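Per-entry structural report
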Amino acid sequence: PPPWRAPPLGPRGGRAPARAAGGVGRPPHDGYSYLQLNVTVTNSLGLTSTRTVDLPGRWLTLAVDTEPTGLTVERDGNSGLAPLTAAQIGAASTTLRVAPSQVKDGVVYRFVGWSDGATAEVRTLAPAAGTVSLVARFVATDTPPPTTTTVPATTTTMPPAPVSATTHLEAEDAMLTGPQVVRWGSGFTGTGWVTQWSDAGQALSFPVSNPSSAAANATISIRYKASWLAAVRSLRVGGVEVATLSFAVTPIVGGDRTNWAAGRTVTVAVMVPAGNSTVSLVRAGSGDGPLDVDSVDVTVELPPPPTTTTTTTEPPPTTTSTTTAPTEVTTTEVTTTSTSTTTTTTTTIAPPTTTVAPTTTTELPTTTELPTTTTTVVATTTTTTLPPAPVTVRYEAEAALLAGPTAVTWGAGWSGAGWITAWASAGQAATFSVTNPRSTSVEATVSVRYKAAFLPAVRRLTVAGGQEVDLRFDLTPATAGDWTSWSAGRSVAVKVTLPPGVSSLRLERPTSADGPLDVDYVDVTF
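Residues numbered from 1 in each chain as written. Predicted model: local features only at pLDDT ≥ 70, side-chain atom pairs only at ≥ 80, totals over all residues. Heavy atoms only, no water.

A closer look at the pattern of salt bridges
- Taken as a whole and assessed by the stated rule, the structure comprises ten salt bridges.
- Measuring nitrogen to oxygen at the nearest pair gives 2.7 Å for the salt bridge that ties aspartate 116 to arginine 123.
- The partner of arginine 460 in a salt bridge is aspartate 470, and the shortest N-O contact between them spans 2.8 Å. You can see arginine 460 sitting in strand β36 (residues 457-463) and its partner aspartate 470 sitting in strand β37 (residues 467-473), a full ten residues away along the chain.
- Overall, the relative accessible area of 29% leaves arginine 460 in the partly exposed class.
- The exposure class of aspartate 470 is partly exposed, given its relative accessible area of 44%. (Salt bridge = Lys/Arg side-chain N within 4 Å of Asp/Glu carboxyl O. Helix = DSSP H or I, 4+ residues; strand = E, 2+ residues; numbered from the N terminus. Buried < 20%, exposed > 50% of the residue type's maximum accessible area, 1.4 Å probe, protein only.)

So this is what it looks like as structure tokens:
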């Protein structure tokens, strides 16, 4: 690192005492540092003499193992399989990190804590002397049995296709452990690209957000070039390997290995858990070949809220009433005949007289029709669309893209794997990548959990699309004099409009006079 220079002690006149006095405070330093003293003496004739003295530090041994042994531990950005032993200068700061879950011999192990009682996956130490031994403890996690879901008959109709949210990530903005950012050549996107994966275990990591309440399918596309040899990388989600990716050799354009005109894409389908997670591209072995990465596109498929349709259909019955009176015909015929008597005398008998009564016929109507009555029931269809239930997604501050603030694990009562502090100057910011799975813009509530143990603070919240609002954070009391405790943490909330898909929320310190602030997480409800 660049040398740290203490202010000079200044000239001292007169006769030098038997032992000169003076001192400087201990500067910040890494594990491989020493102090260098430059002493200049000037006598009364103006003659000078200079001497340089190197003062080495006091060395100690840091030993880190895992239980079971052989799992991965990261120290100051460099990963390796436990047990690990390192020498460093006393009081030098070193950071240890383990993944929340790891796979060994086909068994998934979950991190439960450190041998000294600490439970955070990431911790920073500054041991003074001696030998410091730590063990990261894991427990085996049984593979859960498959879940059987019985889907009853229902009138719920889902849209034919899920909602997709795509995030474009530039490799130069990722969390890099080993690879370097360069800006040579042409044809790359963003402001540069990543190269020089020199050792096994080096990685490129980036955050992925799944705002649903369950694991979701995701497609990851990596734009790369491999100008020298074919390459292999391990793809890990939350520290667990989910795929081994092969990158074929790409042609060199015009003899220029820095030209991205022949860049190609490798795509893989994975499952990502609900909420925020970390996806890493890791060089598993030293023989896995060099690789250049330009960008990564992540598409998360999210089911939209269901629409419930209730349909009631009743056939239209028809009722017809017809009454027909019977036909009745009555005919009466009456005939009367008179006959005279014959004697011995000759008598001429007149012809008989016949009286025929008239025939009377009464004819009733043959048919009587009553009016027809028809009743029709009209089918009615009722459609009820249920409004989507509110969804709250938590974004941990330590997982945000930090430009200035520092992630720490001091104190107690915080969420996730830590919190952020030390916004040292104006313009420093934390940027959160948030997802609106709807197809239109929605009103969302952004809630920031914070503490301000020294002074009130102001931060500017900027939403992609130009929305800006200044948030005021009131002073929070320190608990029992401990300003690192989060038991008195508070929240500040504001409503914003989120566009569809993925957008950014930037929390920035506008001026240097806007006060210090600690942030635990941001909740987005829509």
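Thoughts on the sheet that holds strand β6 (residues 84-89)
- Here five strands make up an open sheet; going across it, the order is β6-β3-β11-β9-β8 and the pairing mixed. Since the sheet does not close on itself, it has two edges, and those belong to β6 and β8 (101-104), each with one partner. Ignoring which end each strand starts from, the neighbouring axes of this sheet average 30 degrees apart.
- With six bridges connecting them, strand β3 (residues 59-67) and β6 associate as antiparallel partners. Pairing of leucine 62 across the sheet is with alanine 86, part of β6. (Pairing = 2+ DSSP bridges. Axes fitted to C-alpha atoms, helices over the stretch in contact; angles between N-to-C directions.)

Considerations on the sheet that holds strand β39 (residues 501-508)
- Overall, antiparallel pairing links the five strands, which are arranged β31-β34-β39-β36-β37 in an open sheet. In the strand order of this sheet, the two ends are held by β31 (401-403) and β37, each with one partner. For this sheet the average axis-to-axis angle between neighbouring strands, irrespective of direction, equals 25 degrees.
- Of the strand pairs in this sheet, strand β34 (residues 429-436) and β39 are connected by eight bridges, and their pairing is antiparallel. Within β39, the residue paired with alanine 429 across the bridge is glutamate 508.

Thoughts on the nonpolar core
- Judged by nonpolar contacts, the single largest core of 32 residues is most densely connected at Ile220, Leu235 and Phe247.
- Those elements that provide at least two residues to this core are β17 (203-210), β18 (216-225), β19 (231-237), β20 (240-247), β21 (264-272), β22 (275-282) and β23 (292-302).
- Beyond its immediate stretch of four places on either side in the chain, leucine 235 contacts Ile220, Val240, Glu241, Val242, Ala243, Leu245, Val268, Val270, Val279, Ser280 and Leu281.
- In terms of nonpolar packing, the next biggest core, distinct from the first, is built from 31 residues, Ile420, Val442, Leu471 and Val496 among them. (Core = buried A, V, L, I, M, F, W, Y, C linked by side-chain atoms within 4.5 Å. Contact = heavy atoms within 4.5 Å.)

Points about the pairing of β8
- The pairing of β8 with strand β9 (residues 107-114) spans four bridges and is antiparallel. The residue bridging lysine 104 from the neighbouring strand is valine 107, located in β9.
- Linking β8 to β9, which pair antiparallel, is a turn of two residues; within it aspartate 105 sits at a positive phi near 55 degrees.

Focus: unusual backbone geometry
- Residue proline 68 is bonded to the preceding glutamate 67 through a cis peptide linkage, with omega at 5 degrees.
- With respect to the secondary-structure elements, proline 68 resides in the loop between β3 and β4 (72-75).
- For the bond running from alanine 82 to proline 83, omega is 5 degrees, close enough to zero to count as cis.
- Along the polypeptide, proline 83 turns up in the loop between β5 (78-81) and β6.
- The phi torsion at aspartate 76 lies on the positive side, around 50 degrees, for a residue other than glycine.
- By the secondary structure assignment, aspartate 76 is in the loop between β4 and β5.
- With a phi angle near 55 degrees, aspartate 105 is a residue other than glycine that sits in the positive phi range.
- As for its position among the elements, aspartate 105 is in the loop between β8 and β9.

Section: the side chain of arginine 123
- Take arginine 123: it is sitting in strand β10 (residues 122-125).
- Looking at arginine 123, its side chain comes within polar contact range of the side chain of aspartate 116, at 2.7 Å.
- Arginine 123 has contacts with Thr94, Thr95, Leu96, Trp114, Asp116, Ala118, Leu134 and Thr409, leaving out every residue within four places of it along the chain. (Polar contact = N/O pair within 3.5 Å; in protein donor to acceptor, adjacent residues only side chain to side chain.)

Describing the confidence of the model for the chain
- Looking at the chain, pLDDT values average 78 and 72% of them are 70 or higher.
- Across residues 310-314, where pLDDT falls below 50, the model places ten contacts with residues more than four positions away in sequence or in other chains.
- Across residues 318-350, where pLDDT falls below 50, the model places 41 contacts with residues more than four positions away in sequence or in other chains. (pLDDT = per-residue confidence, 0-100.)

What about empty space enclosed by the protein?
- Taken as a whole and assessed by the stated rule, the structure comprises one cavity of 30 Å³ or more.
- The volume enclosed by the largest cavity comes to roughly 40 Å³.
- Along the walls of the largest cavity sit Phe432, Val446, Val448, Leu461, Leu505, Arg506, Leu507 and Val522, which together make up its complete lining.
- At the level of secondary structure, the elements contributing two or more residues to the lining of the largest cavity comprise β35 (442-451) and β39.
- Residues of the lining of the largest cavity, tallied by class, amount to seven nonpolar, no polar and one charged. (1 Å grid on protein atoms, 1.4 Å probe; cavity = no way out; pocket = protein on both sides within 12 Å on 5 of 7 lines; lining within 4 Å. Points joined across faces, edges and corners; volume = space filled by probe spheres on them. Nonpolar A, V, L, I, M, F, W, Y, C, P; charged D, E, K, R; others polar.)

A few points about the packing of aromatic side chains
- If you walk through the whole model with that rule in mind, you get eight aromatic pairs.
- Seen from their ring centres, tyrosine 224 and phenylalanine 247 are 4.9 Å apart, and the 75 degrees between their planes marks the pair as edge-to-face. In this pair, tyrosine 224 is assigned in strand β18 and phenylalanine 247 in strand β20, connecting sequence segments 23 residues apart. Here tyrosine 224 matches phenylalanine 247 in class, with each residue buried.
- Where tryptophan 419 meets tryptophan 486, the ring centres are 5.5 Å apart and the plane angle is 75 degrees; that geometry is what we call edge-to-face. Placement of the pair is tryptophan 419 in strand β33 (residues 419-421) and tryptophan 486 in the loop between β37 and β38 (490-498), with a sequence separation of 67 residues. When sorted by exposure, tryptophan 419 lands in the same class as tryptophan 486, which is buried.
- Here the aromatic residues Phe111, Trp114 and Phe138 are joined through ring pairs into a cluster of three or more.
- Lying over the aromatic face of tryptophan 486, lysine 451 brings its terminal NZ or CZ to 5.2 Å of the ring centre. (Phe/Tyr/Trp six-rings, centres within 6.5 Å; stacked < 30°, edge-to-face > 60°. Lys NZ or Arg CZ within 6 Å of the ring centre and 35° of its normal.)

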